[in-house]
Amino acid sequence: MKPSQQKNDSTREDVNVKTDQRRKKLANPSANQIEFLMEVYDSVLFGKNKKKETKTAQVVELHLGTTVLPLKDARGVLSLIEQLKTDQKYSATLGFLSDLFRKLNTLEDGQFSRIEIDMTVRQYQDYTDGFQYRLTVKPVGYCLLITNSEFYQVPGCPISKKLPNRPGVEGDAKRLEGLMSTIGYKVLRKDNLKKWEIEREMKAMAEADHKKFDCFVCIISSHGTANKVYGSDGYDLMLGPQLKRFTVDACPDLDGKPKIFLFQACNIETEDKMQKTLQPLINETDFLYGFSTLPGNLAYNPKDGKKTGSYYLYSLYKHLSDKYKACDLVAILEDMNRELAEKKSELRPGDLGSVTMFVDCLRGHLFFQ
């Protein structure tokens, strides 16, 4: 064999070895290769870089030096990038890392504590495993938002109670209306409804067409007692029968879909009725309902309530705004509970009204994104 032929054979073997190494590397890309893969994606899809022919393979020249890449492997990379763009686990990971790094960068400034950073990490654990509700359509579903701020007593009726007005809660409604619309819900905002009007709206929602939607949310802000809310006319409304309007038998369109009910209201009741208070409102899967306070307690508003509304709904707005892309609903409600529990010092000594309660009958994680 001639020396020139031996040299050509040796060069060809070296090229084949390097090509095999690149193929193995691309078959299992690590996190720090994503930027490189995006460069390849741009090159293949948009033709931003020159292509040239060789005897071994078609290659792509990148801006950051020249990288020899077989065209079929580049197509594999393109397919991988497309999968990553639509993969919910990947999107959740990016949101989690973004939130974590934001808090780590300000740790020394005292803006976030180590406990809060630990909570951020804990919230993300196991999010990518197990069952998860899929909210894929837009709009995601209806969000019924009922806010009662003005009250009156029906003349001559002992059942109708004289209740004070609730200044500032209009701000809660406005903030949540904007946020839920941004997230992708079709918001139906109703203000100052009488008892029968609340019943009418709940009935209408239960009978509405939910086939094309993935979720239902209801938020009610008013005066209340245990498992009840008041209409603007001073009459109380039992919440249990209203939730039962959305069971599988009564509302088949929402079968298998999450149904969320959140109530900003006092939860006070007499001792002889406390045992009944602790009974669940609904006993069926795919429901989550929560209250702004524990049974037997009042729900206080902050001293500057005219500006910030209620503790509970303002905290809901703040945490949902910051975390709905990276955290599921239960983790958000837990964070709200931790934050509101720390506000006990702002209330009356010994009061537990700032500790929230929720009952989770969901079958898995619920991300509002």
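The following paragraphs examine the structure supplied in this document. In this convention, every chain numbers its residues from 1, walking through the sequence in written order. Totals for whole chains, interfaces and linings use every residue, but because this is a predicted model, local features are given only for residues with pLDDT of at least 70 and side-chain atom pairs only at 80 or more, for both listing and counting. Side-chain measures were taken over the full set of non-hydrogen atoms in the model, leaving aside hydrogen atoms and water.

### Considering the nonpolar core
Alright, step 1. If you look at the biggest cluster of nonpolar residues, it comprises 36 residues, and the most contacted ones within it are M180, Y185, V217 and F368.
Alright, step 2. Among the elements of the structure, β4 (141-147), α6 (169-183), β6 (215-221), β10 (259-264), α11 (311-323) and α12 (329-341) are those that each provide at least two residues to this core.
Alright, step 3. A run of H or I in DSSP counts as a helix once it spans at least four residues, and a run of E counts as a strand once it spans at least two, with each numbered from the N terminus. Counting residues per element, this core draws most heavily on α12, which supplies seven residues.
Alright, step 4. Note on contacts: a residue pair qualifies if any of its non-hydrogen atoms lie within 4.5 Å across the two residues. Here M180 is in contact with C143, Y185, V187, V217, L320 and F368, once residues within four sequence places are set aside. Joining through side-chain atoms within 4.5 Å is the link that ties buried Ala, Val, Leu, Ile, Met, Phe, Trp, Tyr and Cys residues into a set, and such a set is a nonpolar core. Three exposure classes are used, based on accessible area relative to the maximum for each residue type with a 1.4 Å probe and protein chains only: buried under 20%, partly exposed in between, and exposed over 50%.

### A short note on the packing of α6 against α11
Alright, step 1. Throughout, an axis means a line fitted to C-alpha atoms (over the contacting stretch in the case of helices), and angles, computed between N-to-C directions, take values from 0 to 180 degrees. Packing of α6 against α11 brings their axes to within 10 Å, and their N-to-C directions diverge by 25°. In terms of orientation, α6 and α11 fall into the roughly parallel class. In the crossing of α6 with α11, the sense of the turn from one axis to the other is left-handed. Within the contact between the two elements, α6 uses D172, R175, L176, L179 and M180 and α11 uses L313, Y314, L316, Y317, L320 and S321.
Alright, step 2. Residue classes in the contact of α6 with α11 are distributed as eight nonpolar, one polar and two charged. Reported orientations rely on four angle classes, namely roughly parallel under 35 degrees, roughly antiparallel over 145, roughly perpendicular from 65 to 115, and oblique for the rest. Should the near helix be turned counterclockwise from the far one by less than a right angle, the crossing is left-handed, whereas a clockwise turn marks it as right-handed. Residues are grouped as follows: nonpolar covers Ala, Val, Leu, Ile, Met, Phe, Trp, Tyr, Cys and Pro; charged covers Asp, Glu, Lys and Arg; every other residue, Gly included, is treated as polar.

### So, α6
Alright, step 1. A helix is expected to span 1.5 Å for every residue after the first. For α6, spanning 15 residues, the distance from its first C-alpha to its last is 21 Å, which sits close to the expected 21 Å at 1.5 Å a residue.
Alright, step 2. Residues of α6 that are buried: V169, D172, A173, R175, L176, L179, M180 and I183.
Alright, step 3. Looking one or two residues past α6, G184 carries a phi angle of roughly 130°, positive in sign.

### Describing the sheet that holds strand β7 (residues 224-225)
Alright, step 1. Strand pairing is assigned whenever DSSP detects at least two bridges linking the two strands. Taken together, the three strands give an open sheet; going across it, the order is β7-β8-β9, and neighbouring strands pair in antiparallel fashion. Looking at the sheet topology across the chains shown, the edges are occupied by β7 and β9 (236-238).
Alright, step 2. Two strands pair when backbone bridges link them, and β7 and strand β8 (residues 228-230) are joined in this way by two bridges, in the antiparallel orientation. The partner of T225 across the bridge, within β8, is K228.

### Some details on the environment of T293
Alright, step 1. Its location among the elements puts T293 in the loop between β11 (287-291) and α10 (305-308).
Alright, step 2. In the structure, T293 is positioned 65 residues away from F358 in sequence and 9.2 Å away in space, judged by C-alpha atoms.

### Some points on the sheet that holds β4
Strand pairing within a sheet occurs via backbone hydrogen bonds; the two strands may be parallel or antiparallel.
Alright, step 1. Spatial ordering of the open sheet is given by β5-β4-β6-β10-β11-β12, a layout of six strands whose pairing is mixed. Only two strands of the sheet have a single neighbouring strand rather than two, namely β5 (186-191) and β12 (357-360). Each strand of the sheet is rotated relative to its neighbour by a mean of 10°, with strand direction disregarded.
Alright, step 2. Its contacts with the sheet place helix α7 (residues 195-207) against β4, β5, β6 and β10, and it is angled at close to 175° to β4.
Alright, step 3. Where α12 meets the sheet, it contacts β10, β11 and β12, and its direction lies at approximately 160° from that of β12.

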